[in-house]
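Structural overview
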Amino acid sequence: MGGHSGAADAFDGRASPSASPTASQLQLAPLDQGREPATLPVTMRMRLRVDVFRAEGGGGTPAIRRHVLNELALERGSCAALSAIDAYVDGVPLTTIQADGVIIGTPTGSTAYSLAAGGSMALPSVPAILLTPICPHTLSFRPVLFPDCATIKLVVAPGSRSSVRLAFDGRIPDGVNPDECVLRAGDFVVIRMSAFPLPLVTRKGTVGDWVRSITEKLNWNVRERQKAAVEPGSGAD
């Protein structure tokens, strides 16, 4: 489930010119000139722009900038201690995340890593950014949805006992040294909606494809249907 991270990486900046950000259909020219062109529905999948800053850099030029289709994950990796991450939304202090990590995801990625960590599923067309903690050290820390206009800043807290490892759509991006994906105290990431969504061709439209996927791949709410009630004395088995 989720989106194809390889496709997202192929268009790390501006998306494919085959469809504009407002396109809802895509026309394919037929090989046979005597046939009408085929029209396919297109959905624009939201992506996130991730900027990574170093404490010694003063927050100037990002050390890493990438666009993700599913999620950015901040994890404690092999360190035995909990990570401590200060979270801000639109400049407002939100909370200090004491957990194995945190996932910042898109609606497309809501059926990927975020779902496994207890996050909610969301239609790809929902304008939202998901924040899902990974094994938080408090039962009251639940997943949160923010509007797609929100800017989320995550800072490795001073005195954090562990470093934090970054995973972009579940992997280290091409051309990035693995050591560059390790954050230490004072380092931070800024996540916001990317200006370049990814156009994807759908079979039955956004809703139809999504319902088919969660039903067939996740067996969502699949169970034997309850039998009809039998009136007492009806003689039915």
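These figures come from a predicted structure and were not determined experimentally.

When helices and strands are tallied, the protein chain shows three helices and 14 strands. For the protein chain, buried positions account for 41% of its 237 residues. Considering only intrachain contacts with a sequence separation of at least 6, the fraction spanning at least 24 residues in the protein chain is 67%. Working note: accessible area of the protein chain is about 13,200 Å², and carbon and sulfur atoms make up 52% of it.

Right, let's talk about the pattern of salt bridges for a bit. With the rule as written, the count across this model stands at seven salt bridges. A salt bridge links Arg 54 to Asp 187, with the nearest nitrogen and oxygen atoms 3.5 Å apart. Taken as a pair, Arg 54 in the loop between β3 (48-53) and β4 (64-68) and Asp 187 in the loop between β12 (182-183) and β13 (188-193) lie far apart in primary sequence, 133 residues in all. Look at Asp 187 and you get buried, because its relative accessible area is 6%. Across the pair Asp 100 and Arg 76 runs a salt bridge, and its minimum N-O distance is 2.7 Å.

If you look at the biggest cluster of nonpolar residues, it comprises 31 residues, and the most contacted ones within it are Leu 74, Ile 104, Leu 154, Leu 166, Phe 168, Val 189 and Ile 191. Looking at which element gives the most residues to this core, the answer is strand β7 (residues 92-105), with four residues. Excluding anything up to four places from it in sequence, Leu 166 contacts Val 52, Leu 72, Ala 73, Leu 74, Cys 181, Leu 183 and Val 189.

Of the residues in the protein chain, 81% reach a pLDDT of 70 or more, and the chain-wide mean stands at 86. When the criterion is pLDDT under 50, residues 16-23 qualifies, and its contacts beyond four places in sequence or with other chains add up to ten contacts.

Bringing the pairing of strand β8 (residues 128-136) into the picture now. Taking burial as the measure, the nine residues of β8 include seven buried ones, the bulk of the element. Sheet topology places β7 next to β8; six bridges connect them, and they run antiparallel. Each residue of the ladder has a partner; that of Ile 104, found in β8, is Leu 131. Looking at chain direction, β8 and strand β9 (residues 144-147) are connected through four bridges and run antiparallel. Opposite Leu 131, over in β9, you have Val 144 as the bridge partner.

Glancing now at the environment of Val 68. With respect to the element layout, Val 68 can be found in strand β4. With residues near it in sequence (within four places) discarded, Val 68 still touches Arg 47, Leu 48, Val 50, Thr 106, Phe 168 and Asp 169.

Before going further, it helps to examine unusual backbone geometry. Of note in this structure, Asp 90 is not a glycine but carries a positive phi near 50°. Of note, Asp 90 is situated in the loop between β6 (83-89) and β7.

What follows covers the side chain of Glu 71. Tracing the backbone shows Glu 71 in strand β5 (residues 71-75). No salt bridge forms around the buried Glu 71; measuring N to O, its nearest opposite-charge neighbour Arg 171 is 9.2 Å away.

The next point concerns the packing of aromatic side chains. In this description, an aromatic ring pair is defined by two values, namely the gap between the centres and the angle between the planes. Going through the model one piece at a time under the given rule, you end up with one aromatic pair. Arranged with centres 5.0 Å apart and planes meeting at 15°, the rings of Phe 53 and Phe 188 form a pair that is stacked. Separated by 135 residues along the polypeptide, Phe 53 in strand β3 and Phe 188 in strand β13 bring together distant segments of the chain. Exposure class is identical for Phe 53 and Phe 188. Each is buried. A cation over a ring is seen here: Lys 153 above Tyr 88, with NZ or CZ 6.0 Å from the ring centre. Above the face of the Phe 188 ring, Lys 153 is positioned so that its terminal group lies 4.5 Å from the ring centre.

Reading the values: the criteria
- Residues numbered from 1 in each chain as written.
- Predicted model: local features only at pLDDT ≥ 70, side-chain atom pairs only at ≥ 80, totals over all residues.
- Heavy atoms only, no water.
- Helix = DSSP H or I, 4+ residues; strand = E, 2+ residues; numbered from the N terminus.
- Buried < 20%, exposed > 50% of the residue type's maximum accessible area, 1.4 Å probe, protein only.
- Contact = heavy atoms within 4.5 Å.
- Areas by Shrake-Rupley, 256 points an atom, 1.4 Å probe, with all protein chains shown as cover.
- Salt bridge = Lys/Arg side-chain N within 4 Å of Asp/Glu carboxyl O.
- Core = buried A, V, L, I, M, F, W, Y, C linked by side-chain atoms within 4.5 Å.
- pLDDT = per-residue confidence, 0-100.
- Pairing = 2+ DSSP bridges.
- Lys, Arg positive; Asp, Glu negative; His and termini not counted.
- Phe/Tyr/Trp six-rings, centres within 6.5 Å; stacked < 30°, edge-to-face > 60°.
- Lys NZ or Arg CZ within 6 Å of the ring centre and 35° of its normal.

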